[in-house]
Amino acid sequence: MTRRYEVRHRTEYTYGDAVTASYGWAYLTPRDLPEQACLSSRVEVAPSPGLLSDGVDFFGNRATYFEVHEPHEQLTVSATSLVEVTRTGADLPALDGITWPDARDALRADPARWREVVGFTLASPQLSLGGGLPEFAGRLLRPGRPLGTTLRELVHVIHDDFAYRSGTTTVTTTLDEVLQRREGVCQDFANLAVASLRWAGLPARYVSGYIETRPPAGQPRLQGVDASHAWVSVLVPQVGWIDLDPTNDQVVDEQYVVTAWGRDYTDVPPLKGVIFTESTKSSMRVAVDVIRL
Amino acid sequence: MTLADIGRDGASGIVDGYRAAYLQGRLEVDSSGRPDRPVSGPAADELLERDGAVRSGWQDLAATVDLLGAEGMRRRDEQARRLLEDEGVTYGSVVGDEAPGRWRLDPLPVIVDHQEWAELSPGLIQRAELMDLLLADLYGPRDLLRRGLIPPAVVLAHAGFMRPCDGIRLPGPSQLVMAAIDVVRGPHGWMALGDRTQAPSGAGYAMENRRIVSRVMTGLYRDTLLERLRSFFHAVRAALHEVAPSVAEAPRVVILTPGPNSETAFDQAFLSTLLGFPLVEGQDLTVRDGRVWMRSLGRPEPVDVILRRVDGWFCDPLELRADSRLGVPGLLQAARLGRVSIVNPPGSAVLENPGLVPFLPALSRALLDAPLLLDSVPTWWCGDPDHRRFVLANLDRLVLRPIARGIGRANRFGWELSAEARTLLRARIEAEPHAWSAQEPVAMSTAPVMTSSGLSPRSLVLRSFAVATGGRFRLMAGGLGRVAATPGSLDVSSLGGALAKDVWVIGARTVTAAGAGPQRGLASRGGDDVDPVPIATGLSSRVAEDMFWLGRYAERAEDAARLLRVAADLAGDHTRRPGSVGFGSLAVMLRALTAVTTTYPGFAGSADLIARPQAELVRLSVDAFAPGTLAHAVRRTVEAAHSVRELLSTDTWLVLGALDRVLLELGRAREPDVDLPSALSRVLEGLLALSGLAMESMVRDWSWHLMDAGRRLERAMQVVALLRHALAERYPAAVDDVVLESVLISAESIITHRRRRPGRPRVDGVLDLLLLDRDNPRGVQHQLDRLGDDLARLPAAPAVPNGAASEPADPRARLLAVQARLQEVDVHELSRAAEPATGATGATGEAGRETIPRTALVTFLDGLWQELADLADAVAATHFARAVPPTPMPATPTVDVR
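Treat the numbers as computed from the prediction; the structure is a model and nothing was measured.

Caption draft 1: The side chain of histidine 158 of chain B, seen in detail. Residue and element names in this part refer to chain B. Tracing the chain through its elements places histidine 158 in the loop between α6 (152-156) and β2 (178-186). In terms of polar contacts, histidine 158 uses its side chain to reach the backbone carbonyl oxygen of isoleucine 403, at 3.0 Å. The residues contacting histidine 158, other than those within four sequence positions of it, are Ala153, Ala349, Val350, Glu352, Asn353, Ile403 and Ala404.

Quick look at the structure:
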């Protein structure tokens, strides 16, 4: 089934004093994929940027660079995209024909293909494969377990054993901290799933994007209450990359829009920037809408 | 008899001693098979053949060494050490509590025969070419990974592989512009030990080594037909111009440095001098609309090419390490857009990777269609299962190296590890095999170094330098030699205390056209092999500020030394006679000293201290970490000089080095009986030499005018402060006489005063001479006149991107206001003390008699001092409007709904 969305993502920074220059990179443009078409997209920056340019990164993501040189106390970055999604969620039970170690070995048996994805089996800036991870991942990824069941259990356990709590983690929270506190937000859960799969030798990547939310029955849809989202993608022989959402304990389907992927959050933050100011105060407000058309 | 004959005949020569030790050592190695470490076979020596004969190219050196004898060689060693110290040649951090590390150089060069160099060179060039092709592929199509010629993990797991640099290309055929290769000579010839591709350091040191050795070993240098180094630096200049973005007509090149705290700050500053490109820090640059600009005095100047000495990950806090204070936000995007060329490209550290070594022979055949000419030290990469098995089975006889350098990632010598450490290492390798490599410990050749007990053999590593220009690599005909700190050690690193060696490549016997090819050393100026290029591009705001402060601190130090000397003299004469006239004036001057140097409470707080002033006077002289002291001002002077060293003459280092030594001496002499006045005189001598150099040896450009402006402002403020605090009150005539005389001596105007105004000094006369007299070079009015000249020569206020938002006041307008105020003043009015009849009762002074405040004078001088301080701020605000440091935008984790 085809769905069309308009995705609006607006970030507003407010500072206590004049900022003389801002430099930024935004990963806000959805990717073009077989199961997802980005029909249009634009990123706007206010005050008017001295330079706004698009680029494609190492992972093939589309990103936007901007410079603002007009002194400002407020900076707004807004992205508006029109996306058509035809994705159907992965059929996990169908993957139970092989064990996960078989899957890994099957991937490795194709050296040319393996060389292209081996980067997604290595440790990355945020994801060391040591510390408390082997114990956590080892309990779930036991030898001889069927692939589909293992994947479902992984997202299920993360969903059930970890509390969702916004504000408890920062962009620099480590995996060990997440494992210790047993709580986090979507990027922590995605990171944990990615690292567990890599620990087992399976190529896994971190995906940044959006999910459509629906208001409780009978209530109107509120504006700006949606948010950017993150989940895990794992490579499966014969099938390809399949996406799973540990935050919501489900497979990723036509409710989701993919923006960018990388090794972990640090490769694809929705927005990062550097400012020149003497101001010590700043605040940030994000408003996201995923509107089904 | 020729020199060589003397060498051969000298039965008791020190070369014979070295030979005997060498042959004995070989014998032991041959008989025991394996010595204390698992090196493969006995090491070769650079000076001697296996049979003890002197090697080709070394005969003259051997003869010279024997002729000079142990004593003569020790003198040359000492001379080299002193020259390095005098020229301020440092290695390691300079600023902070630690004394700067000195560059250590052996006076004996390493000699590479013409034939040997001709055999080594093609292999070095080929390796640089191969590295260039690898770099182009790794940040481009990555075919080598796709085809499996390089296992992807060697690259993808390497900390130097920078994904954000993907697709950044330099214009022109070469991506790796500067390459350095460390080579060693094993039993079977030269082999590569490692590659330096990030931002190779040492070319400047190599040139400095040549300068020193050519002066220390003058005769040998003059008589040797050796290849010169300078053409390499010409090639570097050409190479940097060639890679400029095509739109740049006369490309501007800068050298991006981490700053004066960098370990190799000397190397960078000397390179800047040799190439004629300004040294800039990240904060000196800014990106605007995708172009890089240098914040300069005057107006921002576009930058086309950056020779990078900042590590890749630190170059851009926007895309790379957000905590970096060394980089420039937006720099990577400017490079990506092709508007600036960064040399070497920021991601080039990926090639500093021993994990690549096992694959180089196959890569050479695939990419160059030729076998690898220069062998590498046998190396294994643990990411390969077969290699890993071999390494784990031979941990005790290999050198284990992480594929990427980093903190706590030093090489580990397997045979030195405890069983426990070996187990730990095994576990680390098994957990992350692709991050580890292992090398065979090679029996590196030894070279003789001069020690207190004669010549001693030390393992040698030679760093060779290559630069790509016109589509091919050119080598420095020489290099940076380094030898281990101790005999028998395989650790040859500057951090490990290695000693440097000059490397002489002997020229071909056929002499080519004049100016090209090898030349015998020239006799003039000690045969310096250096031709500095004047720095053409403008002055960065940071350097401008450092010059200004260099002037201010040098003057502050000079004034503090004079005032301290006067106080110390008075203390020597009068301390033991409380109640006397002399003691009264001593007390006045000591309190003035505390006030002028703002080192409260000091003498202002305690009568006891005045009765026993020696300890506090010593402290004010030698405590380098208390602001206001003489030592602090000298330290700041030296630091400021280090920050702008590329602009100063080498004689400056002679002076600063001497100053450093005097301070050190002072610091040691904390005993109560130290002769403070004569020690202060020695410091003063050094400071006078510094100001003499500034006057006589520096070109009158913007940087000089800024330094002079700093000096003038500081001197004016010091004089005003001295007058304000010493003459604030009128004392009985006998005390006043001594105080006025002390003020005149401190202000270096006593002779002038005596010549102009015979008789005892009067306040109005002193004020006239020190405030108003335009001809007195120590007076305030004179400083303002000179300051006016300086400011007139400086450019108007620049428009500074990313600077502070406030509007700077024009310093020239402020200066006119100060001058007008001085012109209106009536020194007779000012010098009058308030009459007791007005109701103000005087306090009782030390001498037990009444003192009367000079209220009008104090009010006037306080106001004048404040105006001078504001003027200094205006100069700073106008010319050094520095950027505030970049900070990251706030970030919150992705928040979402579920």
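Right, picking up where we left off after that structure.
Caption draft 2: Here's a closer look at the sheet that holds strand β13 (residues 399-402) of chain B. Residue and element names in this part refer to chain B. Pairing is antiparallel in the open sheet, where four strands are placed in the order β12-β15-β13-β14. Among the strands making up the open sheet, the edge pair consists of β12 (379-381) and β14 (412-413). The pairing of β13 with β14 spans two bridges and is classified as antiparallel. Bridging across to β14, valine 399 finds its partner in phenylalanine 413. Across the sheet, helix α13 (residues 385-393) is in contact with β12, β13 and β15 (436-439); its angle to β12 comes to roughly 120°. Contacting β13, β14 and β15, helix α14 (residues 419-431) runs over the sheet at an angle of about 125° to β15.

Caption draft 3: Molecular detail of the sheet that holds strand β7 (residues 285-288) of chain B. All names here are of chain B. Spatially, β7-β8-β9 is the arrangement adopted by the three strands of the open sheet, whose pairing is antiparallel. Every other strand in the sheet has two partners, leaving β7 and β9 (301-303) as the edge strands with one partner each. The sheet shows a mean angle of 45° between the axes of neighbouring strands, taken without regard to direction.

Caption draft 4: Local environment of the interface of chain A and chain B. Across the contact, 52 residues belong to chain A and 45 residues belong to chain B. Both faces considered, chain A and chain B share a buried interface measuring about 4,300 Å² in area, 62% of it formed by carbon and sulfur atoms. When the buried area of chain A at its contact with chain B is split by residue, Phe58, Arg115 and Phe276 of chain A rank highest and sum to 17% of it. Linking chain A with chain B are zero salt bridges. At the junction of chain A with chain B, the criterion picks out nine residue pairs in polar contact (both at pLDDT 80 or more).

Caption draft 5: Structural context of the pairing of strand β19 (residues 480-483) of chain B. Residues and elements named next belong to chain B. Across the two faces of β19 the burial is the same, with Leu480 and Arg482 and Gly481 and Val483 all buried. Where strand β17 (residues 454-469) meets β19, four bridges bridge the pair, whose relative direction is antiparallel. Residue pairing for β19: leucine 462 is matched across the bridge by glycine 481. Here four bridges tie β19 to strand β20 (residues 499-505), and the two strands are oriented antiparallel to one another. From the neighbouring strand, glycine 481 faces β20, where its bridge partner is lysine 501.

Quick notes on the rules
Residues numbered from 1 in each chain as written. Chains lettered and ligands numbered in written order. Predicted model: local features only at pLDDT ≥ 70, side-chain atom pairs only at ≥ 80, totals over all residues. Heavy atoms only, no water. Helix = DSSP H or I, 4+ residues; strand = E, 2+ residues; numbered from the N terminus. Polar contact = N/O pair within 3.5 Å; in protein donor to acceptor, adjacent residues only side chain to side chain. Contact = heavy atoms within 4.5 Å. Pairing = 2+ DSSP bridges. Axes fitted to C-alpha atoms, helices over the stretch in contact; angles between N-to-C directions. Buried area = accessible area lost by both parts, 1.4 Å probe. Salt bridge = Lys/Arg side-chain N within 4 Å of Asp/Glu carboxyl O. Buried < 20%, exposed > 50% of the residue type's maximum accessible area, 1.4 Å probe, protein only.

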